[in-house]
Amino acid sequence: MATEEPFHIDHTDLGDLESEQLYLEAANILQKLQSDKPSDAEWSLDDMEANIEENLQDEFVQEALTQDIDLAQYSEKIQDQLQIHEKAFVQDFIGEANNIANLHMQISSCDKILESMDHMLRNFQNNLANISNEIRHLQHYSAELNIKKKNRELVRGQLTQVVDEMVVPQSMIQIIMDMPVTERQFLEQLHELSHKIKFVKAQSFHDAIACQDVQEVLEKLRVKTISKLREFILQKIYQFRKPMANYEVPQNALLRNRFFYEFLLTSDRQIADEIQREYIDTLGKVYFSYFKAYSAKLIKLQLDDKPDKDDVLGADDRPRSSMSFFSSSARPNLKHRATVFSLGNRDCVLKQELEAPIMVPHAQQKADIKYPFEYLFRSEQFALLDNCCREYLFLCDFFMLDNRAAPKFFMEIFEKTFKLIQKNFESYVSDSFDPIAILLCMHLVYRYQVIANKRSVPILNKFHEILINICENRFEIVMKANIDSVQRVEPHKFSSIELNPHFIVRRYAEFSGAVTRLNEDFANEKLSTLMTRLQVEILNLILRMGGEFPQRKEQLIFIINNYDLILSVLTAYTNEDSSECDAVKSLLRDRIDEYVKEVLIPYFSPLIAFVRDSDQFLSDGNIKQLENKLTVISKLFSGDFKKTFDSIHNDVIRSFPSLKLSQPILKEVFTQFLSYYHDFQRLLSNNTNLKAASSNISLPNLHQLMVEIKKFKLPFDGDQFKPRT
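In this text the structure is predicted, and so the values were computed from the model without any measurement.

1. Brief notes about a nonpolar patch on the surface
Phase 1 of the analysis: A cluster of nonpolar residues, Ile113, Leu114, Met117 and Met120, forms a patch on the protein surface that exposes about 390 Å² of accessible area.
Phase 2 of the analysis: Following the sequence through the fold, leucine 114 ends up in helix α5 (residues 97-166).

This is the structure:
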C-alpha cells in the first residue's frame, strides 16, 4: 500500500479569497479527517480479526474477491480512485469556500447574538431571583403584620368589652333613678346593672385600676335599686293581707319580676332574708285565717242528722209505729239524713266531683242545701291541695329554692294550717259512726295524694298519710262496733223472722258492696281483714237466725234467700269472680243442693227411699219388701201427677221471690227428680223380680215426665251457680 502524502495547499491559487484563515481551517478539517484513521500501533490482533470478519461482509470486498484480479493490483486501483475522489472533494470544498466563509460569519454573528441573549437571560434570571427573595420577604412581613393586626384587634375587642361593661351610661342612671320598677326598660337596665356590678367586682380582685372610677357610681345605683325593689316586693306581699284578696294576682306579679329577688339575693342578702321572712309570716297567717274561716263555714252545711253509735248493722230496724213514743231508740226520720250503709251516689265525690270547683259556703246557705261530710271534706281538701301546689311551686320559682330547702320554707307557711285541718278532722272523725263517709274521706286523700305527686309536690305526702291513718283507726273502731253489734244480735228476741232476706243482711250486703267498690283502686289490707271478720259474723248470724225456724226446709229457704241477696248486691258492685263472691257462691251452692233434696221429700219420699235403700235390700235379699214398695210408688203416679209438679212449682216460687233465684232452683229440683226416676227405672230393668212386679203396675216413662216439666218454661239456666256434681 502506498503511503499517503500530506495534503498541501497552494496559497498562490487563493489570491482571490478574502482571508487566509479560512483556508487554514479547511486544511485543519481535512487533516482531522485523516487523523481519524487508526495507526498500526493502535490495532490489536483481536481487533484485526474482528475487523477482517466485518470487512469480509462488505459488498466492495465481496466484489473484489469475486473478480479474477490480484489483490495488490486491486488495492492500487482503489487507492488511485481514492486520491482522485479526494482531490475532487478538495476542489469542491475550495469551490464552496465563499459559502463556507459566509456560513462561518453567520455562525459567528449568531454566537454573538446568542451570547448577548445568554447575558440578558442571566441578568433576567438574577433579577427574578431578587424578586423572589423580595416576595418571600414581603410575605413574611405581611404575616407579621397580620398577626400584629389580629393581636391588636383582640386586645381592642377585649378592651372595648371591658370598657363597655365598666362604663355606666347616663341612660342607665336616669332609668334606674326615675322609671318605675314595673316598666320593661327598668328590668332590662336592672339586668345590665347586675352584670356590671358582678364584672367590676370580679375585676377588682385582679387589681384593675379602672374599677375605681365606676365603683362609687355603681354603689349608689345599687343602693337606690335595692330600695325601690324592696318597696315594690313588700307592697305585693302586703296585698295578701287584704280581705277577699285573690292570692294569684300578687303572686303572678312577683313571678313576672322574679329577677328582683335574685338581684336582692346577690346584692344584699340581709334585705333578701327580710323579704323572705315577711312573705313566710304573711302567707302563714293568711292561709291559717282563710282555712279556719272556710272550715267553720263549711261545717255549717253538714246534714243535721248524723249517724250515731246506735246506727250499726245489728241495730233493730222495726217500724217506728211499733215503738214507744218515749223510747230512746225512736229517732225522728229527718229529711236530709244520709244513707249509712249503702253507697248510692255518694261515690261521685271520687269521680265527677273530685276536681270540681270548691263550694262557696254563703251561696249554699242561701240555697239551704245540706251535704254529707265527705262533700265538705272534698271541698276543703281540694282547696288545700290547690293552694299548696301553687304555693310550693311559687316558692321554688320565685325564691329559687331547691328540693332540700323548699320543704322547710313550705312547712313554715302551712304548719299551723295543717295542724288546724288535722285537728278539725280528728274532731269530726272521733265522733263519726258513718263508715261510708270515713271510707270516702280516706279515698279522697288517696286520690289527692296522687294528684299532688303528679304536680311535683311530694311535700304533702306526710300530711296525707296522717289523714289516712286517722281514717283507718276510726274505721277500725266503727267496724269493730258493727261486728260487736252483729255478735250481740239475739234472733229469738225478734218478734218474727220471715223467710225473705233479713234487713240486717240487706244492710251488710249494701255495705260490703260499697266497701268492695271503693277499695278496687286503692286496696287496703287492714280494711280487707276487717271486712272478712264482718262477713264471718254475718254468715254466722244467718245460720243462727235460720235456726229459729222449726223445719229444715224453712231454714234452708231463709239461708238461701239471704245468701242470694248478698251475692246479688256484691255482683252489682264488683266482678262476679271476686273472692267475696266466690265464698258466698260456694255456700249458696251447698244450701241449694240440700234444699233440692228436702223439697222433693214431701212429694216423692217413697221413690227417694226406694232408690236410696235399694242396694241394701238387694244385698240382704229382701226383694219382697221392694216389691211392696212398688205398689206405694205406683200410687204416686196413678193419679194426676201433673198437680204434684204444679205444687212443687208453686212451693219453690213462693219460697224465693227472686225469679233469678227461684227458676234455677226449680230447674235443679226437677233435674234431681228426673235423676231419681231414672235410677228407679234402671233398678227395675236390671232386676228380674222387680221387672216382673212392675209389669202389673202403670208407671209413666221418663219422656212423659220431661214433657210435663218442660211446660213450666224455665228461662234461667242458673249460670250464677256452679254446676251441680
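2. What to know about the packing of aromatic side chains
Here the distance between the centres and the angle between the planes together describe a pair of aromatic rings.
Phase 1 of the analysis: Evaluation of the coordinates by the stated rule reveals 39 aromatic pairs.
Phase 2 of the analysis: Between phenylalanine 240 and tyrosine 279, the ring centres sit 5.9 Å apart and the planes meet at 85 degrees, which makes this aromatic pair edge-to-face. Here the residue phenylalanine 240 occupies a position in the loop between α8 (211-238) and α9 (248-256), and tyrosine 279 occupies one in helix α11 (residues 269-299), the gap between them amounting to 39 residues.
Phase 3 of the analysis: On the accessibility criterion, tyrosine 279 (1% relative accessible area) is buried.
Phase 4 of the analysis: Geometrically, the ring pair formed by tyrosine 247 and tyrosine 287 is edge-to-face, given 5.7 Å between the ring centres and 80 degrees between the ring planes. Of this pair, tyrosine 247 sits in the loop between α8 and α9 while tyrosine 287 sits in helix α11, and the two are 40 residues apart along the sequence.
Phase 5 of the analysis: Take tyrosine 247: its relative accessible area is 13%, and that puts it in the buried class.
Phase 6 of the analysis: Among the residues examined, tyrosine 287 registers a relative accessible area of 0% and is labelled buried.
Phase 7 of the analysis: Sitting over the face of the ring of phenylalanine 433, arginine 474 holds its NZ or CZ atom 4.9 Å from the ring centroid.

3. Notes on helix α15 (residues 435-454)
Phase 1 of the analysis: Given a rise of 1.5 Å per residue, 20 residues ought to cover 28 Å, and the 29 Å separating the end C-alpha atoms of α15 matches this to within 8%.
Phase 2 of the analysis: For α15, the buried fraction is high: 17 of the 20 residues fall into the buried class.
Phase 3 of the analysis: Where α15 terminates, the next one or two residues include serine 456, which has phi positive at roughly 65 degrees.

4. A word on the state of the cysteines
In a disulfide, the sulfur atoms of two cysteines are held together by a covalent bond.
Phase 1 of the analysis: Scanning all chains against the criterion turns up 0 disulfides.
Phase 2 of the analysis: Sulfur of cysteine 388: no disulfide; nearest cysteine sulfur belongs to cysteine 389 and is 6.9 Å away.

5. Structural notes on the UniProt feature "coiled-coil region" (unreviewed entry) in the protein chain
Phase 1 of the analysis: When the UniProt feature table is mapped onto this chain, "coiled-coil region" (unreviewed entry) is found at residues 114-141.
Phase 2 of the analysis: Span residues 114-141 is 100% helix and 0% strand, its end C-alpha atoms 39 Å apart.

6. Thoughts on the confidence of the model for the protein chain
Phase 1 of the analysis: Averaged over every residue, the pLDDT of the protein chain is 81; residues scoring 70 or more account for 82%.
Phase 2 of the analysis: Below a pLDDT of 50 lies the segment residues 1-19, which in the model reaches 15 contacts outside its immediate sequence neighbourhood of four places, other chains included.

7. Observations concerning the side chain of serine 662
Phase 1 of the analysis: Considering the arrangement of structural elements, one finds serine 662 in helix α23 (residues 659-686).
Phase 2 of the analysis: Overall, serine 662 belongs to the buried group, its relative accessible area being 0%.
Phase 3 of the analysis: Excluding residues that lie within four positions of it along the chain, serine 662 makes contacts with Val652, Ile653 and Phe656.

8. Considering a negative patch on the surface
Phase 1 of the analysis: A cluster of acidic residues, Glu54, Asp58, Glu59 and Glu63, forms a negative patch on the protein surface.
Phase 2 of the analysis: Topologically, glutamate 63 is positioned in helix α3 (residues 59-66).
Phase 3 of the analysis: Under the relative-accessibility criterion, glutamate 63 is labelled partly exposed at 40%.

9. Comments concerning the side chain of arginine 222
Phase 1 of the analysis: For arginine 222, the position within the fold is in helix α8.
Phase 2 of the analysis: Among the residues examined, arginine 222 registers a relative accessible area of 16% and is labelled buried.
Phase 3 of the analysis: What arginine 222 contacts, discounting residues up to four positions off in sequence, is Leu193, Ile197, Phe263, Ser267 and Asp268.

Definitions and limits used
- Residues numbered from 1 in each chain as written.
- Predicted model: local features only at pLDDT ≥ 70, side-chain atom pairs only at ≥ 80, totals over all residues.
- Heavy atoms only, no water.
- Patch = residues over 30% accessible without salt bridge, like charges linked within 9 Å, V, L, I, M, F, W, Y side chains within 5 Å.
- Areas by Shrake-Rupley, 256 points an atom, 1.4 Å probe, with all protein chains shown as cover.
- Salt bridge = Lys/Arg side-chain N within 4 Å of Asp/Glu carboxyl O.
- Helix = DSSP H or I, 4+ residues; strand = E, 2+ residues; numbered from the N terminus.
- Phe/Tyr/Trp six-rings, centres within 6.5 Å; stacked < 30°, edge-to-face > 60°.
- Buried < 20%, exposed > 50% of the residue type's maximum accessible area, 1.4 Å probe, protein only.
- Lys NZ or Arg CZ within 6 Å of the ring centre and 35° of its normal.
- Expected span 1.5 Å × (residues − 1).
- Disulfide = S-S within 2.5 Å.
- UniProt positions renumbered as here; feature names shortened; annotations may be inferred.
- pLDDT = per-residue confidence, 0-100.
- Contact = heavy atoms within 4.5 Å.
- Lys, Arg positive; Asp, Glu negative; His and termini not counted.
- Charge placed at Lys NZ, Arg CZ, Asp CG, Glu CD.

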